[in-house]
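# Results of the structural survey
Residues per chain, in single letters:
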Amino acid sequence: MKTHVTVASLSLMFGLVGCGPEVEVDSTQAPTTQEPVSAPAAEELDTATQAINPGCRDPQVYWPYGVINSNGTVNNGWAGNLIQSSEDRVFFSYSGAGVAPSNVVRITLTAAANITWWKGIEVFRPDGSRHPSVLETHNSGRGPYTMDIVVNNTDSPNLWAIKFLKGKLFGIHTGMYCLEDLSAWRGRNLYFTWTYDAS
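These lines cover the structure that appears in this document, whether it is placed above or below. (Residues numbered from 1 in each chain as written. Predicted model: local features only at pLDDT ≥ 70, side-chain atom pairs only at ≥ 80, totals over all residues. Heavy atoms only, no water.)

What follows concerns the overall build of the protein chain. Per the secondary structure count, the protein chain includes 1 helix and 12 strands. From first element to last, N terminus to C terminus, the protein chain shows the α and β order β-α-β-β-β-β-β-β-β-β-β-β-β. The 199 residues of the protein chain split such that 34% are buried. Sequence-distant contacts, at least 24 apart, represent 65% of the contacts inside the protein chain between residues at least 6 apart. (Helix = DSSP H or I, 4+ residues; strand = E, 2+ residues; numbered from the N terminus. Buried < 20%, exposed > 50% of the residue type's maximum accessible area, 1.4 Å probe, protein only. Contact = heavy atoms within 4.5 Å.)

This is the structure we're talking about:
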């Protein structure tokens, strides 16, 4: 026996709004069972891809290959996409040494003209506590916005982390990526420009 059901009748029965085309249901066939498919939970992520810093547990991105030498010095002149995913692109460049004091990492965030949703950068100390300054762009406030982070040798500069955040569903500020180790960047200005946002 076949039963005709409309979305409108279901709407009336269950208090749903809207109507739609008729759907034919064959009640003579046994229902099929199928395992639901779900996205992996956050705790199922490979911990090797997560940052070490306890304040920044988002997927880790790395400084571009060849920018930092094995002795910790920086090769000048590199610029390109630091983050390039299906959702985001963040362009990275940096100044020469001596632009900031020798114990300061200067960080600048800018959003491209096509980026209007909220974007932000937070910095985390080695113990996971967040630095009080936050860089953020939103709507026409695209920056550039800059903050100075004092990172002394006694502060374990290799364990400091930069966290990239964006406004997601309902505008909730959501951590997306972590970039660790500020050792090589003291005395320099790091420029991050959010150039693409798919969500």
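Judged from the 5 bridges that link them, strand β7 (residues 119-124) and strand β8 (residues 130-137) form a sheet pairing that is antiparallel. Opposite Ile 121, over in β8, you have Leu 135 as the bridge partner. (Pairing = 2+ DSSP bridges.)

Another point: the sheet that holds strand β6 (residues 104-111). Within the open sheet, the 5 strands sit side by side as β4-β5-β12-β6-β9. Their pairing is mixed. The two strands at the open ends of the sheet, each matched to only one other strand, are β4 (80-84) and β9 (145-150). Shown here is a sheet whose adjacent strand axes are inclined to one another by a mean of 25°, direction ignored. Across 7 bridges, strand β5 (residues 88-94) lies against strand β12 (residues 189-197) in antiparallel orientation. From the neighbouring strand, Tyr 94 faces β12, where its bridge partner is Leu 190. (Axes fitted to C-alpha atoms, helices over the stretch in contact; angles between N-to-C directions.)

Bringing the state of the cysteines into the picture now. One pass over the full model with this rule turns up 1 disulfide. Each sulfur in the disulfide pair Cys 56 and Cys 178 lies 1.4 Å from the other. Sign of the S-S torsion, about -100° for the bond between Cys 56 and Cys 178, identifies this disulfide as left-handed. In this pair, Cys 56 is assigned in the loop between β2 (22-26) and β3 (60-61) and Cys 178 in strand β11 (residues 173-180), connecting sequence segments 122 residues apart. One exposure class covers both Cys 56 and Cys 178, and it is buried. (Disulfide = S-S within 2.5 Å.)

All right, on to a nonpolar patch on the surface then. Together, Leu 169, Phe 170 and Ile 172 line one region of the surface with nonpolar side chains, adding up to about 400 Å² of accessible area. In this fold, Leu 169 is placed in the loop between β10 (161-167) and β11. For Leu 169, a relative accessible area of 60% puts it in the exposed group. (Patch = residues over 30% accessible without salt bridge, like charges linked within 9 Å, V, L, I, M, F, W, Y side chains within 5 Å. Areas by Shrake-Rupley, 256 points an atom, 1.4 Å probe, with all protein chains shown as cover. Salt bridge = Lys/Arg side-chain N within 4 Å of Asp/Glu carboxyl O.)

Before going further, it helps to spend a moment on unusual backbone geometry. With omega at 15°, the peptide bond leading from Gly 143 into Pro 144 counts as cis. Within the secondary structure, Pro 144 sits in the loop between β8 and β9. One non-glycine residue, Ser 156, lies in the positive phi region at around 50°. Relative accessible area serves as the criterion here: at 31%, Ser 156 is assigned to the partly exposed category.

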